[in-house]
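# Summary of the model geometry
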Amino acid sequence: IPVVSGFVELTIFPTVVNLNRIKLNSKQCRIYRVRVNDLEAPFIYNDPTLEVCHHESKQRNLNYFSSAYTAAVSAVDPDAGHGELVIKVPSELWKQGDEMNVLKVYIEFSLDQPKGGLHFVVPDVEGSMAERGAHVFSFGYQNSTRFWFPCVDSYSELCTWKLEFTVDASMVAVSCGDLVETVYTHDMRKKTFHYVLPIPTAASNISLSVGPFEILVDPYMHEVTHFCLPQLLPLLKHSMSYLHEIFEFYEEILTCRYPYSCFKTVFVDEAYVQVSSYASMSIFSTNLLHSAMIIDQTPLTRQCLAQALAQQFFGCFISRMSWADEWVLKGISGYIYGLYLKKTFGVNQYRHWIKEELDKMVEYELKMGGVLLHPTFGGGKDKDNPTPHLHFSIKHPHTLSWKYYKMFQCKAHLVMRLIENRISMEFMLQVFNKLLSLASTASSQKYQSHMWSQMLVSTHSFLKSISNVSGKDIGPLIKQWVDQSAVVKFFGSFAFNRKRNVLELEIRQDYTSSGTQKYVGPIKVTVQELDGSFNHTLQIEENSLKHDIPCHSKSRRNKKKKIPLMNGEEVDMDLSAMDADSPLLWIRIDPDMSILRKVEFEQADFMWQYQLRYERDVVAQEESILALEKFPTPASRLALTDILEQDQCFYKVRQGACFCLAKIANSMMSTWTGPPAMKSLFTRMFCCKSCPNIVKTNTFISFQSYFLQKTMPVAMAQLRDIQNLCPKDVLNFILDLIKYNDNRKNKFSDNYYRAELIDALTNSLTPAISISNEVRTVDNLNGDVRLILEEITRSLNMEKLLPSYRNTITVSCLRAIRMLQKNGHIPSDPSLFKSYAEYGHFVDVRVAALEAVVDYTRVDRSSVELQWLLNMVQNDPAHYIRHKILSMLGKNPPFTKAAESPLCNEALVDQLWKLMNSGTSHDWRLRCDAVNLYYTLFGLTRPSCLPLPELGLVLNLKEKKAVLNPTIKPEQGLDTTEMTGNTMGVHIPVMGFTSSEDEIDMESPHDSQAFIHHHLNILERPSTPGQHPVKHPARIILLSDNLVLFFSRTRCTSTVDQAVLSLPVTPLPSSFGKESTSSSKHSGDHHHHHHHHEHKKKKKKKHKHKHKHKHESKDKERDSHAFSNSPASGRSVRSPSMSD
Amino acid sequence: MRESRSGCGKATSSPAENYQLARRRTLQVVVSSLLTECGFESAEKATVESLTEMIQSYISEVGRCAKAYCEHTARITPTLSDAVVTLNEMGFNVDTLPGYAKRSQRMVITAPPVTNAPVIPKALIAGQKRTHPSHIPSHFPEFPDPHTYIKTPTFREPVSDYQVVREKAASQRRDVERALTRFMAKTGETQSLFKDDVTAFPLIAERPSSIPYLSALLPSELELQTLEETDSSEQDDQTDSENTPDDPGADKENSVLLAGGVVPSVKVSEENMIDNPYLRPVKKPKVRRKK
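If you're wondering where the values come from, they're calculated on a predicted model, not measured in any experiment.

## Digging into the overall build of chain B
The secondary structure content of chain B amounts to 11 helices and two strands. Listing the helices and strands of chain B from first to last along the sequence gives α-α-α-α-α-α-β-β-α-α-α-α-α. Per-residue burial over chain B gives 21% buried out of 291 residues. Long-range pairs, those at least 24 residues apart, make up 37% of the contacts in chain B between residues at least 6 apart in sequence. A total accessible area of about 22,100 Å² is found for chain B, and carbon and sulfur atoms account for 59% of it.

## Concerning the environment of Leu912 of chain A
Residues and elements named next belong to chain A. Looking at the secondary structure, you find Leu912 in helix α27 (residues 906-919). For the pair Leu912 and Phe733, spaced 179 residues apart in sequence, the C-alpha separation works out to 48 Å. Dropping the residues within four chain positions of it, Leu912 is found in contact with Leu870, Leu933, Tyr934, Leu937 and Phe938.

## A short note on helix α5 (residues 243-254) of chain A
Helical geometry note: an α-helix holds 3.6 residues per turn, so side chains three or four residues apart project in the same direction. Residues and elements named next belong to chain A. Between its first and last C-alpha atoms α5 spans 17 Å; for 12 residues at 1.5 Å apiece the expected length is 16 Å, and the two agree. Buried residues dominate α5, accounting for nine of its 12 residues. Along α5, the residues classified as buried are Leu243, His244, Ile246, Phe247, Phe249, Tyr250, Glu251, Ile253 and Leu254. With its phi angle positive at about 35°, Thr255 sits one or two positions after the end of α5.

## What about the interface of chain B and chain A?
Listed by partner, the interface residues are 80 residues for chain B and 115 residues for chain A. Ranking the residues of chain B by area buried against chain A places Tyr213, Leu217 and Tyr278 of chain B at the top, with a combined share of 10%. Remark: the boundary between chain B and chain A carries four salt bridges. A salt bridge links Glu791 of chain A to Arg174 of chain B, with the nearest nitrogen and oxygen atoms 3.0 Å apart. At the junction of chain B and chain A, the tally comes to 22 residue pairs in polar contact (both at pLDDT 80 or more). For the side of chain B that touches chain A, the elements supplying multiple residues, two or more each, are α6 (162-187), β2 (203-204), α7 (212-217), α8 (221-232), α10 (248-258) and α11 (265-270) of chain B. Per-element accounting of the side of chain B that touches chain A gives the leading share, 14 residues, to α6 of chain B. Considering only residue class, the side of chain B that touches chain A consists of 38 nonpolar, 15 polar and 27 charged.

## Considerations on the packing of aromatic side chains
Residue and element names in this part refer to chain A. Enumeration over the complete set of coordinates arrives at 54 aromatic pairs over all chains. Considering the side-chain rings of Tyr350 and Trp353, the 6.3 Å spacing of their centres and the 40° angle between planes classify their relative orientation as tilted. Placement of the pair is Tyr350 and Trp353 together in helix α7 (residues 326-369), with a separation of three residues, close to one helical turn. Each member of the pair, Tyr350 together with Trp353, is buried.

## Here's the deal with the pairing of strand β3 (residues 30-36) of chain A
Residue and element names in this part refer to chain A. Counting buried positions along β3 yields seven of seven residues, so the element is predominantly enclosed. Bridge analysis of β3 against strand β7 (residues 103-112) gives six bridges, and the strand direction is antiparallel. Bridge assignment links Ile31 to a residue of β7, and that residue is Phe109. Hairpin connection between β3 and strand β4 (residues 39-40): a loop of two residues separates the two successive antiparallel strands, and Asn37 in this loop has a positive phi of roughly 45°.

## Regarding the sheet that holds strand β2 (residues 21-24) of chain A
Neighbouring strands of a sheet are bound in pairs by backbone hydrogen bonds; such pairs are parallel or else antiparallel. Residues and elements named next belong to chain A. The three strands are arranged β2-β6-β5 in an open sheet whose pairing can be described as antiparallel. Every interior strand has two partners, whereas the edge strands, β2 and β5 (43-45), have only one. Sheet twist, expressed as the average angle between the axes of neighbouring strands with direction ignored, equals 15°. Across four bridges, β2 lies against strand β6 (residues 85-88) in antiparallel orientation. Paired with Leu24 across the two strands is Leu85, which belongs to β6.

## Observations concerning the nonpolar core
With 353 residues, the main nonpolar core has Ile87, Tyr250, Phe314, Trp327, Ile419, Phe432 and Phe462 of chain A as its most contacted residues. Setting aside chain neighbours within four positions, we find Ile87 of chain A in contact with Asn20, Arg21, Ile22, Leu24, Val34, Val36, Ala41, Pro42, Phe43, Val105 and Ile107 of chain A.

## Quick look at unusual backbone geometry
All names here are of chain A. Positive phi values are uncommon outside glycine, yet Thr255 reaches one of about 35°. Position of Thr255 relative to the elements: it lies in the loop between α5 and β17 (263-268). What makes Thr255 exposed here is its relative accessible area of 59%.

## Here we look at the confidence of the model for chain B
Residues and elements named next belong to chain B. This prediction gives chain B a mean pLDDT of 76; 74% of its residues lie at or above 70. Confidence drops under pLDDT 50 across residues 1-11; counting only partners more than four residues distant or on other chains, this segment forms seven contacts. Counting contacts from residues 234-270, a segment whose pLDDT is below 50, to residues more than four positions away or on other chains yields 41 contacts. Scoring of the predicted complex yields 0.78 for pTM and 0.78 for ipTM.

## Re the pattern of salt bridges
Residue and element names in this part refer to chain A. As enumerated under the stated definition, the model contains 52 salt bridges over all chains in all. Notably, a salt bridge pairs Asp617 with Arg351, separated by 2.8 Å at the nearest N-O pair. On the criterion of sequence distance, the pair formed by Asp617 in the loop between α13 (605-614) and α14 (618-628) and Arg351 in helix α7 is long-range, its members being 266 residues apart. Judged by relative accessible area, Asp617 falls into the buried class, the value being 11%.

## Observations concerning the environment of Gln874 of chain A
Residue and element names in this part refer to chain A. Inspection of the secondary structure assignment puts Gln874 in helix α25 (residues 863-875). Residue classification places Gln874 among the partly exposed residues on the basis of a relative accessible area of 38%. With residues up to four places along the chain from it excluded, the contact list for Gln874 reads Arg882, Gln911 and Leu915.

## Quick word on helix α4 (residues 80-89) of chain B
Residue and element names in this part refer to chain B. What α4 keeps buried is the set Asp82, Thr86 and Leu87. In an axial view of α4, the angular spread of the buried residues amounts to 130°, which keeps them on one side of the axis. Looking at the buried side of α4, the elements it contacts are α3 (45-72).

## Here's the deal with the packing of helix α1 (residues 62-75) of chain A against helix α28 (residues 924-938) of chain A
All names here are of chain A. Two numbers describe how α1 lies on α28: the axes approach to 11 Å, and their chain directions differ by 165°. Between α1 and α28, the angle is such that the two are roughly antiparallel. Here α1 runs over α28; the crossing is left-handed. For the pair formed by α1 and α28, the contact residues are Leu62, Phe65, Tyr69 and Val73 on the first element and Trp924, Arg927, Val931, Tyr934 and Tyr935 on the second. Looking at the contact of α1 with α28 residue by residue, the class counts come to eight nonpolar, no polar and one charged.

## Focus on the confidence of the model for chain A
In this model, chain A carries an average pLDDT of 81, and 80% of its residues clear a pLDDT of 70 or more. In the model, residues 950-1039 of chain A has pLDDT below 50 throughout and makes 175 contacts with residues more than four positions away in sequence or in other chains.

## Some thoughts on the pairing of strand β23 (residues 502-509) of chain A
Residues and elements named next belong to chain A. Among the eight residues in β23, six count as buried, and that is most of the element. In the sheet, strand β22 (residues 488-497) pairs with β23 via eight bridges, with the strands oriented antiparallel. Bridge assignment links Phe496 to a residue of β23, and that residue is Leu503. Connecting the antiparallel pair β22 and β23 is a turn made up of four residues, with Asn501 showing a positive phi of about 50°. One ladder, built from five bridges, connects β23 with strand β26 (residues 546-550); its direction is antiparallel. Bridge pairing in β26 places Val502 opposite Pro550.

## Topic: the sheet that holds strand β29 (residues 584-589) of chain A
Residue and element names in this part refer to chain A. Spatially, the three strands line up as an open sheet ordered β25-β24-β29, and their pairing is antiparallel. Of all strands in the sheet, those bounded by a partner on one side alone are β25 (532-540) and β29. Between one strand and the next, the sheet's axes are offset by a mean angle of 20°, whatever the strand orientation. Where strand β24 (residues 521-529) and β29 come together, five bridges link them in antiparallel fashion. Note that in β29 the partner of Glu529 across the bridge is Leu584.

## As for the state of the cysteines
Here, the word disulfide means a covalent bond between the sulfur atoms of two cysteines. Per the stated rule, a full pass over the model turns up zero disulfides over all chains. No disulfide involves Cys660 of chain A; its sulfur sits 10 Å from the nearest other cysteine sulfur, which is in Cys658 of chain A.

## A word on the environment of Ile758 of chain A
All names here are of chain A. Looking at the element boundaries, Ile758 is found in helix α20 (residues 751-764). For Ile758, a relative accessible area of 3% puts it in the buried group. Spatially, the C-alpha atom of Ile758 lies 40 Å from that of Asp574, the residues being 184 residues apart in sequence. Contact partners of Ile758, with chain neighbours within four places excluded, come to Ile792, Ser795, Ser812, Cys813 and Ala816.

Criteria and thresholds
Residues numbered from 1 in each chain as written. Chains lettered and ligands numbered in written order. Predicted model: local features only at pLDDT ≥ 70, side-chain atom pairs only at ≥ 80, totals over all residues. Heavy atoms only, no water. Helix = DSSP H or I, 4+ residues; strand = E, 2+ residues; numbered from the N terminus. Buried < 20%, exposed > 50% of the residue type's maximum accessible area, 1.4 Å probe, protein only. Contact = heavy atoms within 4.5 Å. Areas by Shrake-Rupley, 256 points an atom, 1.4 Å probe, with all protein chains shown as cover. Expected span 1.5 Å × (residues − 1). Buried area = accessible area lost by both parts, 1.4 Å probe. Salt bridge = Lys/Arg side-chain N within 4 Å of Asp/Glu carboxyl O. Polar contact = N/O pair within 3.5 Å; in protein donor to acceptor, adjacent residues only side chain to side chain. Nonpolar A, V, L, I, M, F, W, Y, C, P; charged D, E, K, R; others polar. Phe/Tyr/Trp six-rings, centres within 6.5 Å; stacked < 30°, edge-to-face > 60°. Pairing = 2+ DSSP bridges. Axes fitted to C-alpha atoms, helices over the stretch in contact; angles between N-to-C directions. Core = buried A, V, L, I, M, F, W, Y, C linked by side-chain atoms within 4.5 Å. pLDDT = per-residue confidence, 0-100. Arc of directions from axis to C-beta. Parallel < 35°, antiparallel > 145°, perpendicular 65-115°, else oblique. Left-handed = near helix turned anticlockwise from the far one by under 90°. Disulfide = S-S within 2.5 Å.

Here is the structure:
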């Protein structure tokens, strides 16, 4: 049973005289005692997010929930000066407050089987914890540090840190900052890691991971250390061999050293997200590691590294003023990551990526109705909700849907790119440099509040920097894309006026449907004529739809002349397809993607074909491929085939052409001549000259060819004949590819290729012809399907003996089997998938299996499977899997609010309601996933399957009233907490939702918010402009956090302490006894400690400092030593860089 | 007398056997008469058999040795002197022989019945027997049968046709894989896709692993082996025409992806100097000072 105990010491410099309450964030921590300057201090613990709606309300409507949830999150929002933990400063110290003396808040706490914040991975095998590869790491969505120690869990409260972790001697504790020293405990069975982070850092950027890691010092940069789980060191060496180049790149473009003196990468299993960045360290999923034989994962892993590093600069080192400024950080880190992509993977890849991101974001906004980067909130009333179209509030990161947040990041970096377009990249980088140098100067200063705030970026300061550096006004751009949600939707068409030799372009907009906005301003149009390519900037105005563009060329047919392209190249073209009267080859609207838009442009098929063949921009090529789907003609076929054969063409364009060609071939079925599409092409490119039915042995030396070779069979399998079956030729061809596949001479693994061949088989499947209700048996299996099934079973079985990298083949096989079931070839049965979905399989396999179960649940309307899935959401050890199940259910829902379903019943409503109301309070992301699912299934209003309440309407009104009218009621709660004040023995249970009755009864989150406002709102820390008005101008400023985590009984160290281990599972009384003994021992230390501390204070008055000590530590000397070295003074800024 | 009773052996036995039986019988008569001569009135059959065996061995040994001596002197027929030397060698005084032959009480034994000498079975004739070349005198032995020295190839030409090789390799691999997976499926737990026939398309049952990422991420030994092999042959491959992409962009992307894995050699010497806090030794706890 994982138990973590520790203490935190915060040093607080009051900036107001009447500071008598301190609010901190803390979730699921069991707090044993709080002392302020050695005096026991009473405290109240109330977490309104544990259970959002307390009434056993029959309401069950999402509107109600969302507003309640938002209110609950607001009630503990550190940016607004709130917190779950309210500490009453002992009255003896109030006088001291007058003198503005330092307050030292000491909190002793433990975490018992934390459900969020820290994740323990303990493989169930023989051996010691280290041998088993047991490890733990911190995780969370946005500011989630409060889950594992009490702190001001805000990105805007900076302080310096001293961290100590005592762990089993076989473990390594990796955390933020510099490892000063590692010391054994007296019994030599544990080690204490001492970290110092002299750079002011927000608590939300603090992380920890502990495990029996293998350590790799980067061979290029000795300040960089990599950690991976046992046995993976060879993979780590290979995967990290590239990191120094990313470092170099960022340091060069930002002309700024990496801000921390060291950097650590930790690779953990069951990661919450693939990449998460914290101050001077990043935690990655171990599944990013790969050997030199793996092609496909290599660029992905490097991209993840590059993202993590970009966030080190913007996100960790530079933090944000408030949630509304998040877009700046995400935007900048995403933008410089894009620059890295451009440099490393080429301009084609970069532009392709931008287009992909833009399309994704536009699609989301059009569907969901707008992503707002910089929300401003008025009075916090519902009326002022800037995004009424959403079923969640965007006021807090913790209320956001995950998908929305992803699109938010996407839009942020796209907007940064727009700013770059406007002010030039040079200025852009100067702005970044300026932000970094200001922050860097500030970080080395001693504590002065106004200096440290330079390390926080706000929308305002960012825009000011831009205007200072560039002298340009980007106000309209910001207004359009940042202060306002939604995208632009253009429809374009044209006519050529031969008499005037003018191109009459019509650009219309749709700004009425959801997610769209009106665009007014310049737009670039590129016209490729016979005489060359010309850019025109048109002005989109209120009422002008038509634009006349004079053409430069006469529509003459000078047969011999080469045609100049945009990039200066001159090419020969076969112009016979052209309209003889027009000199226009093709037209592009907004070719540089400098508007966040969707363009639907109409031009003739031959123009798209010219564009595909001759326009060198990959975005144009991809657009024309998409357009050509609508023109199934031999000419389109030829253009696509030519592109496929052209090896100078970007491989992703060629991949896209494969799928387009398959679609065209299907539309042209009756007139198609020759072998099936792509077959002869594939034969020519990849098969042996002497025996064209046999594929060459694999080499994969040219990656472009490799990707094409993977894609073509998958696309070919989409071909259909007159009976709407996959042509026999094609199927046999694919089966032959599988049969003759030979990788023995290849230095790369062919696992992705083989997986895609299975995917091709899946694609070839068509619904079985069957008499209804016929039982699927082996005997009536269709001959072709039998062959396919043979391959799939053999491949799946071989995977058990020789597993492939990331089990790609198993994943493909599971999908294939589901497809066979769905098409009625084999009996539909979820049991196979359910067994593969169990904990203990590789995560990709689990996700694939779960996807099949989700699909089965929808198709067969199975309540058993739905229950099984929801159980897993509540009980699975891996947070990612829980999240994935809910998001897959949301994407492929068993039913929707629009349709009747037997699954939709009261019990399900109750279950889901409970899940989002109280069952997911340990994971913000999961709760939002549950909200999303609830929305998909039942909509915003009362679920239709619930029995109509009497006077439902009245109730709704009432409820609304209740929302607006917070009642102040919890007198009794206050009493309880006052009583708790006197001794450390008082304990407020914080774990588990069942105990909520015993806690301070807050009728509703509104109530609790009101309660806190009413009783405790004496201190309000500075809030960003536009946020809650500060009722009382009191302020506290957090100077330093002293954090000691004592891992007395983490699973990682369970061998350590037999006495502790033998504690019962419900350790409240006994463990408390233990704790109190240890704390009494501790308090002895503590006194000493404070002596020391006071001493320190004299010496370094007004400086922030932090110290920590372990429970068992007798190392006060070391503490003082470390302290004198620690903060602010003489920090050596050594950047891990090649140039060192 | 016995010999007169037993005219010949069984009619069914082969001529060679008859020949030998006759001679053996004569030897038995000799032994019997010698025994009579020595004064025995009767003898057990087994004794007579043993003595016969001994005398046969003795005579055979004399013959063998005499033949050896004669061949030693490059002759093919033993002479008297060969026999004499042999007998001497075996410790028999030849001079006593004439006297013994002329002893008075000796018995005369009838000659063994005439039987046909056994026919040497004809050897298989393979090909034409070679005649002696002119430089070898005709009295020399003939050449042995041709099959004893003519080489007769017994293997077929290996198939070198590329298509067939690939075909074979592919089907062989498939057969092995199928047999192996079937075997695994038969001997272990399985899952089935069909309810009516659980043996059709058996799937080896999945087994959750405690550390699933290890097998999913680490290359298998087979792959590592392949990697080593291809690495060693890499230098040759580098010059392959296929390996020089025409597209400069392609080249760049490849080199970018291929780069890495190689630690700069310069750094190796610095290894020892790396000062990384995680590599430093763990300190011993300080002894608490008494207050």
